[in-house]
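Next come the chains, spelled out residue by residue.
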Amino acid sequence: MANVRPLPRVTDLNAPFYRAAAEGRLVLQRCQDCQRWIYYPRYLCPFCLSDRLEWEPASGEGTILSFTHVYRPQHEFFADHIPVALVAVQLKESPVVIADLVGKNRGQAAIGRSVEATFEKLSPDFGLLHFRLAYTESDRAG
Amino acid sequence: METFEDAVILGFGETPYHKTDQWQPLRYLVDAARRTIDAVSLDPRQIDGLAVSSFLMTPENVCTVAEHLGLELKWTMHGAQGGATSVIQVIRAAEAVERGTAQAVLLVAADAFTVDRHMEMMNNFNPAVRDYIAPYGFGGANGIFALVQRRHMHVYGTKVEQLGKIAVTQRRHALLNDNALFQEPLSLEDYLSARMIADPLGLYDCVLPCGGGGGVVVAHRRLAEQLPVRPVSIVAGAEKTNHRPHDPVPLEGGWASFSENLFSQAIMDHSDLDFVQLYDDYPIMVAIQLEDLGFCPKGQVGKFIDEVDLYIEGDLPLNTGGGQLSAGQAGAAGGVIGLVEGVRQLQGLGGGRQVSGARVGLVSGYGMVGYGHGLSTASLILAAE
């Protein structure tokens, strides 16, 4: 199983998230009662315990709260990805997502930098969310 | 938040620690049980409460351990709060003993890990970690706490040299502990030049998963009077689980929500403490506990570490047996090692690492890593009688 990324268990709860990701879209649950956005997927709103949660499109934009470069990832799949740029992103809608940075400039993370969601389609029903650093002037200057 | 009048700890036991999982988890657990029972001269038939904590014991549980040991119980608790479990179990056991539900509660924690086995556990630790973090190659708890440390350094200016002082201090203490797995001195230079694991965490920021266990007995003071023991009173204890529920990378843990109350209800302040045994999965978490337990304002732990002598002979002896960072992290026993060391010190059994005149100490637990941080925190103030 060395070449296979450890994947999440897809359930009735999180399938819509992964299906949208396969189509290049970020969707998040939004509580229809208190209006807050939720991540990671829940059965009940962790703010008000409502069960009226609906998947709504989210912007995909966020800022970096923290990051690290993992030199000893825990699974053989990542042997060719060292160091992994692990990142905690505060989405514009408020939830915090822990994921990775991809792209050539993934070594240039900084707390406070803007990121945008990007997706890796692994099957028609399953996409994996990643982030990439938002384009800046210094990227253009190269 | 609880204070107690009559609940005491009779004594402690600790297994040998092994660098690999030399024994099965259950064997470490029952070895800890046997050593603890012997240490307090209890007849096993007097034990009527049992609390266990172990990640790898599954599918053994508190009931099957009772069966294995032939114990008949009125009170049982199977821990699920990771490294906070043992401290929480002391609080719950103390409540049971003061109410008269049980007269003597045996509390044990043990595990049998290797580095690989621990990584395997972290990949599958709970659904939030398995499904929403592990797919990204997080490197186990190291990746998660690297995020915490980096942010603490960014927001408050905490320096790696300051966190390194924690590792160096604890290693010096470990050299006085025959059961600690690390017996080589560690200098600040060694710490700073060590290989990067998940920046800013380096090798000496990380614990070594290993095999081992420990235990205590919580009992009513009346029972302690009949036994050849030096009881340790449980002055106060508090738990907070899921502090700051919507902040995955918090720079503050649950201790902040109860520490002021813990000290005021115990009618003590920080200067009364002769030592602290803080949960040390990482130096950054020791630092955060120092802030949250009120030793210094939030964000100023760097300055505190610079100014305070944390050695056994110093101002605030920290993790006097070396802590998990230098003794080894035997899974859930990481939650009992500080408790055992605290009782050892208060009973005057510290030998070469005895804190002179130790009469009051604080023991703190942390555990059950969820989405980005440990979910459960708990602390105890203990005193020699």
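These numbers were taken from a predicted model, which means no experiment stands behind them.

Trainee: For the pattern of salt bridges, give the residues involved together with the corresponding values.
Mentor: All names here are of chain B. Within the structure shown, the criterion is met by 26 salt bridges over all chains. For the salt bridge of R45 with D43, the shortest nitrogen-to-oxygen distance reads 2.7 Å. Judged by its relative accessible area of 28%, D43 is partly exposed. A single salt-bridge network, built from bridges that share partners, covers E14, E341, R344 and R353.

Trainee: So what's going on with helix α3 (residues 85–99) of chain B? Which residues, and what values?
Mentor: All names here are of chain B. The end-to-end C-alpha distance of α3 is 21 Å, a good match for the 21 Å that 15 residues give at a rise of 1.5 Å each. Burial within α3 is extensive, with 11 of its 15 residues counted as buried. Taken as a whole, α3 has its buried residues at T85, S86, V87, I88, Q89, V90, I91, A93, A94, A96 and V97. Directly beyond the C-terminal end of α3, a positive phi value near 90° is found at G100.

Trainee: Hey, could you go over the packing of aromatic side chains for me, with residue numbers and the actual values?
Mentor: One pass over the full model with this rule turns up 16 aromatic pairs over all chains. Judged by centre distance (6.0 Å) and plane angle (65°), the ring pair of Y39(A) and Y371(B) falls under edge-to-face. Of this pair, Y39(A) sits in the loop between β2 (37–38) and β3 (53–57) while Y371(B) sits in the loop between β11 (360–369) and β12 (374–384), which puts the two residues in different chains. Y371(B) sits in the buried class, given a relative accessible area of 7%. In this structure, K19(B) is placed above the aromatic ring of F182(B), and the distance from its NZ or CZ to the ring centre is 5.4 Å. The ring of W23(B) has R27(B) sitting right over it, with the charged end atom 3.9 Å from the ring centre.

Trainee: Give a description of the interface of chain A and chain B that names residues and reports values.
Mentor: On the chain B side, the residues contacting the 37 residues of chain A number 31 residues. Contact between chain A and chain B buries roughly 3,100 Å² in total, counting both sides, with carbon and sulfur atoms accounting for 61%. For the chain A face of the interface with chain B, the top three residues by lost area are R72(A), Q74(A) and I98(A), together amounting to 25%. Linking chain A to chain B there are 0 salt bridges.

Trainee: I'd like to hear about unusual backbone geometry, residue by residue, with values.
Mentor: Following Y39(A), the chain continues to Y40(A) via a peptide bond in cis, the omega torsion being 15°. A cis geometry characterises the amide bond from T58(B) onward to P59(B), with omega recorded as 5°. Structurally, P59(B) is set in the loop between β3 (49–53) and α2 (62–69). Backbone geometry places L49(A), a non-glycine residue, at a positive phi of 65°. With respect to the helices and strands, L49(A) occurs in the loop between β2 and β3. Even without being glycine, M368(B) reaches a positive phi, approximately 60°.

Trainee: Requested: an account of the side chain of S326(B), with residues and values cited.
Mentor: Residue and element names in this part refer to chain B. Take S326: it is sitting in helix α13 (residues 323–327). Overall, the relative accessible area of 2% leaves S326 in the buried class. What S326 contacts, discounting residues up to four positions off in sequence, is Q170, R171, A174, A180, L181 and F182.

Rules and cut-offs
Each chain carries its own residue numbering, running from 1 in the direction its sequence is written. Key to labels: chains lettered from A, ligands numbered from 1, both in the order written. This being a predicted model, a pLDDT of at least 70 is required before a residue's local features are given, and a value of 80 or more before pairs of side-chain atoms are given or counted; all residues contribute to the totals for chains, interfaces and linings. Each side-chain value is worked out from all heavy atoms of the structure, with water and hydrogens disregarded. Salt bridges are defined as contacts in which a side-chain nitrogen from Lys or Arg sits within 4 Å of a carboxyl oxygen from Asp or Glu. Buried residues are those whose accessible area, probed at 1.4 Å on protein chains only, stays under 20% of the maximum for their type, while exposed residues exceed 50% and partly exposed ones sit between those limits. Each helix is a run of H or I in the DSSP string that is no shorter than four residues. Each strand is a run of E no shorter than two, and both are numbered from the N terminus. A helix is expected to reach a length of 1.5 Å times the quantity of its residues less one. Side-chain rings of Phe, Tyr and Trp, where Trp is taken by its six-membered ring, are said to pair if the distance between their centres is within 6.5 Å; with planes under 30 degrees apart they count as stacked, over 60 as edge-to-face, and otherwise as tilted. Placement of a positive charge over a ring is assigned whenever Lys NZ or Arg CZ falls within 6 Å of the ring centre and within 35 degrees of the normal to the ring plane. Working rule for contacts: check all heavy atoms of both residues, and any pair within 4.5 Å makes them a contact. As a working definition, buried area equals the accessible area (1.4 Å probe) given up by two parts on being put together, with both sides summed.

Read these as spatial facts, not as claims about activity.
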